[in-house]
Amino acid sequence: MFVDSHAHIDGSEFDADREDVIQRAQAAGISAILNVGTGDPHSGAFERAIELGRSHQSISTAIYTAIGTHPHDARLYDDAAEEKTRALIASGERVVAWGEIGLDFHYDNSPRDVQVDVFKRQLRAARDLNLPVIIHTREAETETIDILESDYDGAERRGVFHCFSGSEHLAKRALDLGFMISFSGIVTFKKAEELRSIARQVPLDRLLIETDCPYLTPVPHRGKRNEPAYVVEVARCLAGLHGLEIAQLAHVATENFMRFFSLQ
Ligand SMILES: [Zn+2]
Ligand SMILES: [Zn+2]
């Protein structure tokens, strides 16, 4: 059994065949998907993500939800967005994390000072609610770590660095801070030798696997839209790096997922 710890299956890329995608995940042995709702917090995107989980409670693949304002959309975050996110988390079933939040200085879709401010605000809100966070960070390693040290102090539940593609230094700091590290299809890419060497060093009890679909399709499916069933290829790659059978790696990643998000 596998888990996809970070997917975006509520997005419009899946509108035409979402149920088929979920069925293929079931057929591939995916026992749980964490669907991450992103977008303008005022647009109804978070409600849509929660509704997807709510409407799929009776199938064998459990769909859990995370909601939060992505750094790309930080400029849209305000008091009303924070209130709404808190209320949805309180009322939504299977909302298990606040995210994805963080800093993206590669695209700079929101001004950097706004990204920093909104990241800090959401960290504090998640800490108040005792929810783990899902961190997105790109080209902002030092700033991300500094903020986690200063503004996430004392948080009982930590978080996960999702779709990890950072440096060895970032991985080490993230582990020191008690975070999980989640690898996506990037780890299967031909040129990702450095990332594979980092993945080899992450302790097994801190490892998660994800697709981040519809993006970052793993080898050998590259060129196609990504989907949760392909998380098997991420597991296969990490199993090889850790000298395990794929079933063993999948078991470890599933146990980590259940423990980390406090699921049964
Ligand atoms: Zn992300
Ligand atoms: Zn994502």
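In case you missed it, the structure is sitting above this.
What this report covers is the structure whose coordinates are included nearby. Here the structure is a predicted model, which is why all the values come from computation and not from measurement.

## Looking at the coordination of the zinc ion (ligand 2)
Right, on to step 1. Looking at the zinc ion (ligand 2), one finds its protein donor set to be H6 (NE2), H8 (NE2), E100 (OE) and D212 (OD), positioned 2.0 to 2.5 Å from the metal centre.
Right, on to step 2. One can describe the site at the zinc ion (ligand 2) as irregular: its four donor atoms subtend angles covering 86 to 176 degrees at the metal.
Right, on to step 3. Separation of the zinc ion (ligand 2) from the zinc ion (ligand 1) amounts to 3.5 Å, with E100 serving as a shared donor to the pair. Highlighted residues: H8 in the loop between β1 (2-7) and α1 (18-27) and E100 in strand β4 (residues 95-104), separated in sequence by 92 residues.

## A few points about the sheet that holds β1
The strands making up a sheet are joined through hydrogen bonds of the backbone, oriented either antiparallel or parallel.
Right, on to step 1. A sheet is described by the order of its strands in space; here eight strands give the open sequence β1-β2-β3-β4-β5-β6-β7-β8, paired in parallel fashion. Two strands lie at the open edges of the sheet, namely β1 and β8 (207-209), each paired on one side alone. Across the sheet, the axes of successive neighbouring strands diverge by a mean angle of 25 degrees, strand direction being ignored.
Right, on to step 2. Where strand β2 (residues 30-37) lies against strand β3 (residues 62-67), six bridges are found, and the strand directions are parallel. In the sheet register, N35 faces β3, and the bridge partner there is T65.
Right, on to step 3. Most of the contacts of helix α3 (residues 79-91) go to β4, to which it runs at about 150 degrees, and overall it touches β3 and β4.

## Digging into the layout of surface pockets
Right, on to step 1. The calculated volume of the largest pocket comes to roughly 780 Å³.
Right, on to step 2. Contributing to the lining of the largest pocket are 31 residues, with H8, H70, E100, D212 and Y215 lying nearest its centre.
Right, on to step 3. Only α2 (45-54), β4 and β5 (133-138) provide two or more residues apiece to the lining of the largest pocket.
Right, on to step 4. The biggest single contributor to the lining of the largest pocket is α2, with four residues.
Right, on to step 5. The class makeup of the residues in the lining of the largest pocket is nine nonpolar, eleven polar and eleven charged.

## Let's talk about the coordination of the zinc ion (ligand 1)
Put simply, a metal with four donors set out as a tetrahedron has ideal angles of 109.5 degrees, and one with six donors set out as an octahedron has ideal angles of 90 or 180 degrees.
Right, on to step 1. Coordination sphere of the zinc ion (ligand 1), protein contribution only: E100 (OE), H136 (ND1) and H162 (NE2), at 1.9 to 2.1 Å.
Right, on to step 2. Mapping the donors of the zinc ion (ligand 1) onto the primary sequence yields the spacing E-x35-H-x25-H.

## Here's the deal with the nonpolar core
Right, on to step 1. In terms of nonpolar packing, the biggest core is built from 72 residues, with F183 and L238 touching the most fellow members.
Right, on to step 2. Among the elements that make up this core, the one with the highest residue count is helix α8 (residues 231-242) (eight residues).

## Overview of the pairing of β2
Right, on to step 1. Among the eight residues of β2, eight are classified as buried, and the element is accordingly described as predominantly covered.
Right, on to step 2. Pairing between β1 and β2: four bridges, direction parallel. Its bridge partner lying in β2, A7 is registered against N35.
Right, on to step 3. Each parallel crossover has a hand, and the one from β1 via α1 to β2 is right-handed.
Right, on to step 4. In this view, the connection linking β2 to its parallel neighbour β3 by way of α2 has right-handed handedness.

## Points about the packing of aromatic side chains
When we look at a pair of aromatic rings, we describe it by the centre distance and by the angle of the planes.
Right, on to step 1. Taken as a whole and judged by the stated rule, the model has six aromatic pairs.
Right, on to step 2. On the basis of an interplanar angle of 55 degrees and a centroid distance of 6.2 Å, the ring pair of Y64 and F257 is categorised as tilted. Separated by 193 residues along the polypeptide, Y64 in strand β3 and F257 in helix α9 (residues 246-260) bring together distant segments of the chain. Like F257, Y64 is buried.
Right, on to step 3. The ring of Y64 has R94 sitting right over it, with the charged end atom 5.4 Å from the ring centre.

## Quick word on the pattern of salt bridges
Right, on to step 1. Under the criterion given, the structure shown has 18 salt bridges.
Right, on to step 2. The partner of R24 in a salt bridge is E227, and the shortest N-O contact between them spans 2.8 Å. You can see R24 sitting in helix α1 and its partner E227 sitting in the loop between β8 and α8, a full 203 residues away along the chain.
Right, on to step 3. Across the pair E82 and R86 runs a salt bridge whose closest N-O atoms are separated by 3.8 Å. You can see E82 and its partner R86 sitting in helix α3, four residues apart, about one turn around the helix.

Conventions adopted
- Throughout this description, residue numbers start from 1 for each chain and increase along the sequence as written.
- All chains are assigned letters beginning at A, and all ligands numbers beginning at 1, according to the order in which they are written.
- Side-chain atom pairs in this predicted model are given and counted only at pLDDT of 80 or more, local residue features only at pLDDT of at least 70, and totals for whole chains, interfaces and linings cover all residues.
- Hydrogens and water molecules were not included; the side-chain quantities draw on all heavy atoms of the structure.
- Note that water is not among the atoms considered, so a metal site may appear incomplete; the donors listed are N, O and S atoms within 2.8 Å of the metal, with 3.2 Å applied to Na, K and Ca.
- A four-donor site is classed as tetrahedral when every donor-metal-donor angle falls between 85 and 135 degrees; four donors are called square planar, and six octahedral, when trans pairs exceed 155 degrees and all remaining angles lie between 65 and 115, with any other arrangement labelled irregular.
- Put simply, DSSP marks the helices as runs of H or I at least four residues long and the strands as runs of E at least two long, and each gets a number from the N terminus on.
- Two strands qualify as a pair provided that DSSP identifies no fewer than 2 bridges between them.
- Think of each axis as a best-fit line through the C-alpha atoms, taken over the contacting stretch in the case of a helix, with angles from 0 to 180 degrees between the N-to-C directions.
- Here, two residues are considered to be in contact whenever any of their heavy atoms come within 4.5 Å of each other.
- Throughout, the protein atoms alone are placed on a 1 Å grid, and a set of points is a cavity if a 1.4 Å probe fits but cannot get out or a pocket if it is open with protein on both sides within 12 Å along at least five of seven lines; lining residues have an atom within 4 Å of a point.
- Grid points are joined across faces, edges and corners, and a volume is the space filled by probe spheres set on the points.
- The residue classification treats Ala, Val, Leu, Ile, Met, Phe, Trp, Tyr, Cys and Pro as nonpolar and Asp, Glu, Lys and Arg as charged. All others, Gly included, are polar.
- Think of a nonpolar core as a cluster: buried Ala, Val, Leu, Ile, Met, Phe, Trp, Tyr and Cys residues, connected wherever their side-chain atoms sit within 4.5 Å.
- Here the term buried applies to any residue with accessible area under 20% of the maximum for its type, exposed to any over 50%, and partly exposed to those in between, with areas from a 1.4 Å probe on protein chains only.
- Whether a crossover is right-handed comes down to one check: with the strands pointing away from the viewer, does the path from the first strand over the helix to the second run clockwise; if it does, it is right-handed.
- Working definition: a ring pair exists when centres of Phe, Tyr or Trp rings (six-membered ring for Trp) sit within 6.5 Å. Plane angles under 30 degrees give stacked, over 60 give edge-to-face, the rest tilted.
- By the criterion adopted, a ring carries a charge over it if an Arg CZ or a Lys NZ lies within 6 Å of its centre and within 35 degrees of its normal.
- Between Lys or Arg on one side and Asp or Glu on the other, a salt bridge is scored when a side-chain nitrogen of the former is within 4 Å of a carboxyl oxygen of the latter.

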